[in-house]
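Structure at a glance
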Amino acid sequence: RFVIKGSLAGAAVYVAYDQGLLGSGTQGAEALKKARAALPPAIQEWTSYIGWEVRTVQMNTLPPTPKFDFSPSDSWNKGVQTVMSALSVAPTRACEYTVEGWKYVKDLVK
């Protein structure tokens, strides 16, 4: 399973790199334009393969995308702060857990 999961993750990273998603901002913008152009035909082909009937909709008539109050950079920073906080208290917690473990073992031996 590990090999399969690793292969899928590697393939996903390769495809993202190959499409320019991991490059500069201009490369990411170009990749987004390509995806917007390719998405409606792909959805149409997929739904016809399954047998669903879908109306053809022009990109200009689609409703606006919902606005999310989500900042990837803020989430990344919060995650880094959480990890660093956990790492900073890890030695203290390890000592506390070791003392508790020794007490437990001593109580079992008595």
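Rules of the game
- Residues numbered from 1 in each chain as written.
- Predicted model: local features only at pLDDT ≥ 70, side-chain atom pairs only at ≥ 80, totals over all residues.
- Heavy atoms only, no water.
- Helix = DSSP H or I, 4+ residues; strand = E, 2+ residues; numbered from the N terminus.
- Buried < 20%, exposed > 50% of the residue type's maximum accessible area, 1.4 Å probe, protein only.
- Areas by Shrake-Rupley, 256 points an atom, 1.4 Å probe, with all protein chains shown as cover.
- pLDDT = per-residue confidence, 0-100.
- Salt bridge = Lys/Arg side-chain N within 4 Å of Asp/Glu carboxyl O.
- Expected span 1.5 Å × (residues − 1).
- Patch = residues over 30% accessible without salt bridge, like charges linked within 9 Å, V, L, I, M, F, W, Y side chains within 5 Å.

When helices and strands are counted, the chain shows three helices and zero strands. The linear arrangement of helices and strands in the chain, starting from the amino end, is α-α-α. Evaluated residue by residue, the chain yields a buried proportion of 4% over its 110 residues. With the model as given, the accessible surface of the chain reaches about 10500 Å², and the carbon-plus-sulfur share is 64%.

Glancing now at the confidence of the model for the chain. When pLDDT is averaged along the chain, the result is 76; 73% of the residues meet or exceed 70. When pLDDT is averaged over each helix and strand of the chain, the minimum, 72, is found for helix 2 (residues 25-50) and the maximum, 86, for helix 3 (residues 72-109).

Another point: the pattern of salt bridges. A complete count under the given rule lists one salt bridge for this structure. For the salt bridge of R93 with E96, the shortest nitrogen-to-oxygen distance reads 3.9 Å. Taken as a pair, R93 and E96 lie in helix 3 at a separation of three residues, close to a single helical turn.

With that settled, consider helix 1 (residues 2-18). The end-to-end C-alpha distance of helix 1 is 24 Å, a good match for the 24 Å that 17 residues give at a rise of 1.5 Å each. Positive phi shows up at G20, right after helix 1, with a value of about 90 degrees.

Moving on, we get to a nonpolar patch on the surface. A cluster of nonpolar side chains, contributed by W76, V80, V83, M84 and L87, occupies part of the molecular surface with about 530 Å² of accessible area. Inspection of the secondary structure assignment puts W76 in helix 3. The class for W76 is exposed, based on a relative accessible area of 62%.

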